[in-house]
Amino acid sequence: MKLFDNLQKKIDKKKSIQKHYISKEQIKQTAKENSRIIKELEKQNNRKNVPEEEYLTKMRDSNNVVEFDDLHAYFFTDAGIVKAVDGVSFDIPKKSIVGVVGESGCGKSVTSLALMKLMQKPQGQIFSGEIRYNAKDGKAYNISKVPREDMNKIRGKEMSMIFQEPMTSLNPVFRIGDQLDEILFLHFPGITPEEAKEKSITMLKTVGMAMPESVYSRYPHELSGGMRQRVMIAMALSCDPNLIIADEPTTALDVTIQAQILDLLRSIKNDINGSIMLITHDLGVIAEMADYVVVMYAGRIIEKGTAREIYKNPQHPYTVGLQKSIPALNLNDEKLYTIPGTVPNPINMPNYCYFRDRCNKRFGKCDGEYPATIQISPTHSVACYLAEEIAAELAKSKDGEKNAKK
Amino acid sequence: MSTLVNEAKDLKNLPNNQDANTPQSEPEMSLSDSAKVISPGQMVLRRFFRSKLSLVGLITLFAMFAFSFIGPLVSPWGEVQITGDYKWVTSILPHQIVVEELNEETGLMEEVTYVFYEVSEPYKVYAKTPPSWEHLLGTDQYGYDVLTRLMYGGRVSLLLGFLVIFAEVIIGMFFGSLSGYFGGWVDQVIMRVVDIFNCLPGLPILMLAAALIDGWGVPARQRIYYLLGILTFFGWSGIARLVRGQVLGIRELEYMVAAEATGLSTKRKIFKHIIPNVMPQIIVQATLGLGGVILSESTLSYLGIGVPFPYAAWGTMISSTSGAEGRDILQNYPNIWVPAGVCIVMAVLAFNFIGDGLRDAFDPKMRR
Amino acid sequence: MPKNKLNQVTNTVDQDNLAPVEKDDILIVKNVKKYFPLGSNWFKKTTSFVKAVDDVSFTIKRGNTLGVVGESGCGKTTLGRTILRLHSITDGSIEYDGNDIRTISKREMTKLRPKIQIIFQDPYSSLSPRMTIGEIIGEAVREHKLVPLTEHRDYILDVMKSCGLPPYYYSRYPHEFSGGQRQRICIARALALKPDLIVCDEPVSALDVSIQAQIINLLVDLQKKFGLTYIFISHDLSVVEYISTEIMVMYLGSVVEQGTKEQIFRKTMHPYSKALLSAVPVPDPDVKKNRIILTGDIPSPANPPKGCKFHTRCSECMEICKSVVPKLKEYEKGHFVACHLYPQD
C-alpha cells in the first residue's frame, strides 16, 4: 500500500510540474495564432498611399497634444501575449510636462514607443485603442491607424524622443554636426548646408553648449555623457516639435549633471511652447518637473492626477508605498517602508486587481474583478476599491450633513 | 502558466495580511517550489530544437552517421571488392617483387621490379555499370560498388572530422585560456605563435608534408592520419584566439571579481567559472569547423595525397573525374562522382546548420 | 542547531581581535594611492597616470557604516576594490585587523579574503550563469573549509534563509531570478564566508524603488544581526544618508569632506558637498529648492586641474584655489574638509 501511495505522489508531482510549463502543442498553437494576428496588423501598418481621411480624427479636447484612449499595446510571444500596455487612457495637455512613473516592466516605455510607433516589430503591436495626436497644422491624427510610411512625417518633426543611454543613441562614426544637419535635411527639404549648419549651431547654443562651433565638428566619443545628452536634446529640438518624449533622460547621469539637464528641459519647455512626456522611475525627478503625474503598474494606470494631488494626497496603496520606500533626505525613519513581493508575471494576468497580492490594505472586495477607475477630483482618478469605499463614505457623510441641514 | 501565478499567490496569502513591513519574511516569489529546475543547458537545447533548420541539420547528420557506420554491415559489397566474372580475387593490392636481373643491353645486373596481381582466373570486370538493383549507384571504373564506397568514405570523413576538431578544441582551449587568464608575456608569446600559424598557407604545406611523409616510407594508408595531425597542428590557433577573447571578456565580469574576492584558487576560477562560460562559443565554433575539416580532408583526397587509391574517400571518388578516363566519367557517368559531391555538401551544410542553430540558442539574451 | 552557527563565529572573531590594533578600529586606511598607468614611452616606462585614488585616509570602527559618495569617475569604486586588493596598491597602507593588506603575501591574503567581502552593482553580471545558487553561495565556503562538509548544505540553507531566500532556490540557476533576488543571492554569497567587513559597491543602484528598499532593509538587518561593518559606495545621497554612520565625499580621487552623517548633511562645509546635496531631487512638488547647479562636467581624472581639483566648477573659486592644493583639515571633531574657504593653518 505504501508503495502505491508513493507512486501516486510521484505521479501527482509530475503532473503538477507539467502544469507549470506550457506544452509544445500550446506553444505551437499560440505561435500560429500570434502570427495570424501579427500578419493582419502588419498589413495595416505597411499599406501605402492611404488616404489621409482614414486616420484623421477629432481631439476630445483641442487643448490636448496627445490623448491616449484605452490603448492596448501587446507583445505576441510564443509563451503567450504580453499585455505590456493594457487599457491606458490619459491626456497630455498643451504646454505641460506629464510624468509617467512606474517600476521596470510596468509599460511606461512601451506607451511612449507606441506613441512613436517604434515598438519592436513584428511581435510588438498596437492591438486596439486610439492615440490621438494634435498636429501643428491643426489636424488630429489617430496614431494607431497611421501607416508606417506616413508616420515618418510625424516622427521627428511633430514629436521627438530623448533616450536613456546617451552613449549609444548617437552614431559614433559621424560628427555631431552631421547628425544634427541630417535631421534638418530630412524634415526641411531644400535647406542649404550653410543654413543647416547655422541652425544646428543655434540649437547647440540653446541647449547650453559652451562652445557650439567646436562641438559641431566633434565626434560623439569626445563628449561626456552630459554633453551627449545635451546633443540628443538639441537633435530632438531641431525641428520644433510639438511634443518631446523623454524616456529616462537622466537615469544614466550623475546627480549634478542630472540637475543641469532637468534645468535645461524646464527652460526649453518654455521656449518651444510644446509639451514634454517625461518617463522615469525616479519620483524625485517627477516631483520637480511634472505638472501631471501618471502612475503605472503592470501595464495599467492605477492613479493619475496633478503632481500635487499625487504627492500630497495619494490614494492607491502602491503610490503610497512607492513614496514611502524612497529614503528621502533628512527623513530619519527606523526602517524603510517596503512593498513586499515583485510585479506579477506579465503573461496571463489575474482577473482581480494586479496589486492585490502585494497590497497591505487588501480587504474583502479586492477579490472581485479589476477595480474600475473612480474620479476623486476633476483631475485626480484612481483604480482601487479602497478609494471607492472612502469616496462612498464621504458621499454618505455629505448626504448626512445635507440631511441634517435640512 | 496561470496555475503558477495562483500557486504563488496561495503561498503568500498566509502571512501577507498582517504586516507588509517585514521584508524578510516575504521573499519575492515568482516561481513556486514545485516548478521544475531548468539549467541553462536545457534552455539552450529547448531553443535549439525549436529551430527547424537546426533540426534538419541534426537529422541529416544522424542519417549520414547511420549510413556510414551501419550501412557497410548491411551492404553485400566490400570496400575494395571488384564485381566481375571471376571465381575470387584474393586481393587487388599488387604484390611487388624486386629481382636482380641481367640487362641484356648493358650486360650488368640491375634491380627490376615486378608487380603481380593475384587473380585466380582471367575475368571480366563489370566497370562503369549504370545503376541497377544490384548496384544502386552503379559501379565505378574499377568495378567497385559506388554506394558501398560512399559509406566507407563517410566513415573516414566523419570520424577524422571529429578527431581533428576534438584535438583542436583541447589544444586551443588550453592555450587560449592560459593566454587570456594570465595575460602579460604568456599572452604575448602564445598570441605571436598563433599569428605565425595564421599566416602560413595551409594547402601548400600539406602538399609538401605529404611528399615528405611518403619519402619517410610511411605506408600510404596511414598518410592521411599524419596529414590530419598537421591539420590539427595548424588549426588550433583559431580556437585559441576565440577562447582568449572570451576569457578576456569574462575576466572583467563581476562574478570573476567576486571569485577573486572570495579567495578561490586559480584552478577553480579557470575550470569552474571561465571554461563553462566559454563552452558555448567553442561548441559553435567547433561545429562550424567540422564542415571545414571535412572539406580539407576531401580536398587532400581529391589531390591524391589523402586516402590512397584502393580505399574509399569522398574526395578520391570525385577525383576519378581527373584521371585518364576523367572526361569520359565526367560526361557520361555522373553516378560515379556526383553522389560523393552531394555527400560532402550535405555533411558540411548539416554541420553549419547545427552550428548556426546552436549559436542562436546560446544567444546572450539568455541573461534575462 | 545550525541557526546559532553564524553568531558563534562572529563571537570567536571578536575574541581573536583583542591582539594588536585598538579594539574598535577594524580598518585603517592611510594615504592610499592607486594610479593606473595610462601612457608609456618606447621603453615601457610609464609616463602618465590616472590618479584614480589619490591620497585617501580613513578609519572605520567595527559595526559602523562608511558611506562613500561622489560622481562617476571620482574613484569610489576603485577605492572599494583597492581595499580588497583586487587592484595592486600603488602607495600607502591598508591595515585590517593588524594585517597590512598591501604587504602581506598572497597566501596570507587568500586566508584573509573571507573576512572582507564585496557586493556589486550589477546583479546580472555578478552571478555565473552556469552554476546553481547553492554552488554559487557555497563554493568559497567549501574552498576555505569554513564548515564541516557534513553540515555544508544546512549551513548554506541557513545563510540563504537569513537573506530572505527560500530553500528551494538552492538548486536553481540565476537566469530564473529578477534583479532583487539576484542581489539577495550576492549578499548571501558574501555573508556565507562570515565576513567582518563588506564593501557594498552601489548595491541598489540598478534596482527598482520598491526592491531597493527591501535590499537596504536587508543590509541593515544583517548588520545588526551579525555585527557587520559596511563601506557603502553610492552616488545616491539619500540612500547613503539612510544607511551610513559616517560619510566621505570624494571628487576626482581625493576626499573633499569627511565626517559623521550629521556633520555632512546638516553642517555641510565644502562647496562641492553643498552642490551635491542640493542636486538631489526631492519627491515633493511643493519644495522648490534653491538649487546650486554646477556648471560643466567633471574634468578627466587623467588630467585633473591644478590646485584645488574642484576649482573649475566651484562657484566660490578664489585665486588661491587655482594654484594651491587645499589640505584636508579637521574643523570639528571628526569633520574634515579640504577647502580654502576655511582657514588652512
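Residues numbered from 1 in each chain as written. Chains lettered and ligands numbered in written order. Predicted model: local features only at pLDDT ≥ 70, side-chain atom pairs only at ≥ 80, totals over all residues. Heavy atoms only, no water.

S.K.: Hey, could you go over the interface of chain A and chain C for me, with residue numbers and the actual values?
M.R.: Taken together, the contacts link 44 residues of chain A with 41 residues of chain C. Approximately 3600 Å² of surface area, both sides summed, lies buried where chain A meets chain C, with 54% of it carried by carbon and sulfur atoms. Our enumeration of links across chain A and chain C arrives at three salt bridges. Here Asp 284 of chain C ties to Lys 312 of chain A by a salt bridge, and the two come within 2.9 Å at their closest N and O atoms. Where the side of chain A that touches chain C is concerned, the elements lending two or more residues are helix 8 (225-237), helix 9 (255-272), helix 10 (283-289), helix 11 (307-312) and helix 12 (317-325) of chain A. Ranked by the residues each element gives to the side of chain A that touches chain C, the list is headed by helix 9 of chain A, at eight residues. For the side of chain A that touches chain C, a count of residues per class yields 18 nonpolar, 14 polar and 12 charged. (Contact = heavy atoms within 4.5 Å. Buried area = accessible area lost by both parts, 1.4 Å probe. Salt bridge = Lys/Arg side-chain N within 4 Å of Asp/Glu carboxyl O. Helix = DSSP H or I, 4+ residues; strand = E, 2+ residues; numbered from the N terminus. Nonpolar A, V, L, I, M, F, W, Y, C, P; charged D, E, K, R; others polar.)

S.K.: Can you tell me about the packing of aromatic side chains, naming the residues and giving the values?
M.R.: Under the definition given, this model contains 27 aromatic pairs over all chains. Here the aromatic rings of Phe 76 of chain A and Phe 127 of chain A are separated by 6.3 Å at their centres, their planes lie at 55°, and the arrangement is tilted. With Phe 76 of chain A in strand 2 (residues 64-77) and Phe 127 of chain A in strand 5 (residues 124-134), this pair connects stretches of sequence that are 51 residues apart. Directly above the ring of Tyr 352 of chain A sits Arg 356 of chain A, whose terminal nitrogen or CZ lies 3.8 Å from the centroid. Against the face of Tyr 170 of chain C rests Arg 153 of chain C, its NZ or CZ located 4.2 Å from the ring centre. (Phe/Tyr/Trp six-rings, centres within 6.5 Å; stacked < 30°, edge-to-face > 60°. Lys NZ or Arg CZ within 6 Å of the ring centre and 35° of its normal.)

S.K.: For helix 8 of chain A, give the residues involved together with the corresponding values.
M.R.: Between its terminal C-alpha atoms helix 8 of chain A stretches 18 Å, which fits the 18 Å expected from 13 residues at 1.5 Å a residue. With respect to burial, helix 8 of chain A is a largely interior element, 13 of its 13 residues being buried. (Expected span 1.5 Å × (residues − 1). Buried < 20%, exposed > 50% of the residue type's maximum accessible area, 1.4 Å probe, protein only.)

S.K.: Give a description of the interface of chain C and chain B that names residues and reports values.
M.R.: The partner chain B presents 38 residues to the 47 residues of chain C that form the contact. Summed over both sides, the interface between chain C and chain B buries roughly 3800 Å², with carbon and sulfur atoms accounting for 53% of that surface. On the chain C side of the contact with chain B, Arg 130, Tyr 168 and His 175 of chain C bury the most area, a combined 19% of that side's loss. Taken together, the links from chain C to chain B amount to five salt bridges. The residue Glu 135 of chain C makes a salt bridge to Lys 272 of chain B at a minimum N-O spacing of 3.0 Å. Where chain C touches chain B, the interface holds 12 residue pairs in polar contact (both at pLDDT 80 or more). At the level of elements, strand 6 (116-119), helix 4 (133-143), helix 6 (179-191) and helix 7 (209-226) of chain C are the ones that each hand at least two residues to the side of chain C that touches chain B. Here the residues of the side of chain C that touches chain B sort into 18 nonpolar, 16 polar and 13 charged. (Polar contact = N/O pair within 3.5 Å; in protein donor to acceptor, adjacent residues only side chain to side chain.)

S.K.: Can you lay out the sheet that holds strand 8 (residues 229-234) of chain C for me, pointing to particular residues and giving the numbers?
M.R.: All names here are of chain C. With mixed pairing, eight strands are arranged side by side in an open sheet as 6-7-8-3-9-10-12-11. The open sheet terminates on both sides in strands that have one partner only, identified here as strand 6 and strand 11 (329-332). Shown here is a sheet whose adjacent strand axes are inclined to one another by a mean of 20°, direction ignored. For strand 3 (residues 65-69) and strand 8, the ladder comprises five bridges, and the chain directions are parallel. (Pairing = 2+ DSSP bridges. Axes fitted to C-alpha atoms, helices over the stretch in contact; angles between N-to-C directions.)

S.K.: How would you explain the sheet that holds strand 11 (residues 300-306) of chain A if you had to name every residue and give the values?
M.R.: Residue and element names in this part refer to chain A. Taken together, the eight strands give an open sheet; going across it, the order is 7-8-9-4-10-11-13-12, and neighbouring strands pair in mixed fashion. The open sheet terminates on both sides in strands that have one partner only, identified here as strand 7 (159-162) and strand 12 (374-375). Where strand 11 and strand 13 (residues 381-382) come together, two bridges link them in antiparallel fashion. Following the sheet pairing, Lys 304 is matched in strand 13 by Ser 381.

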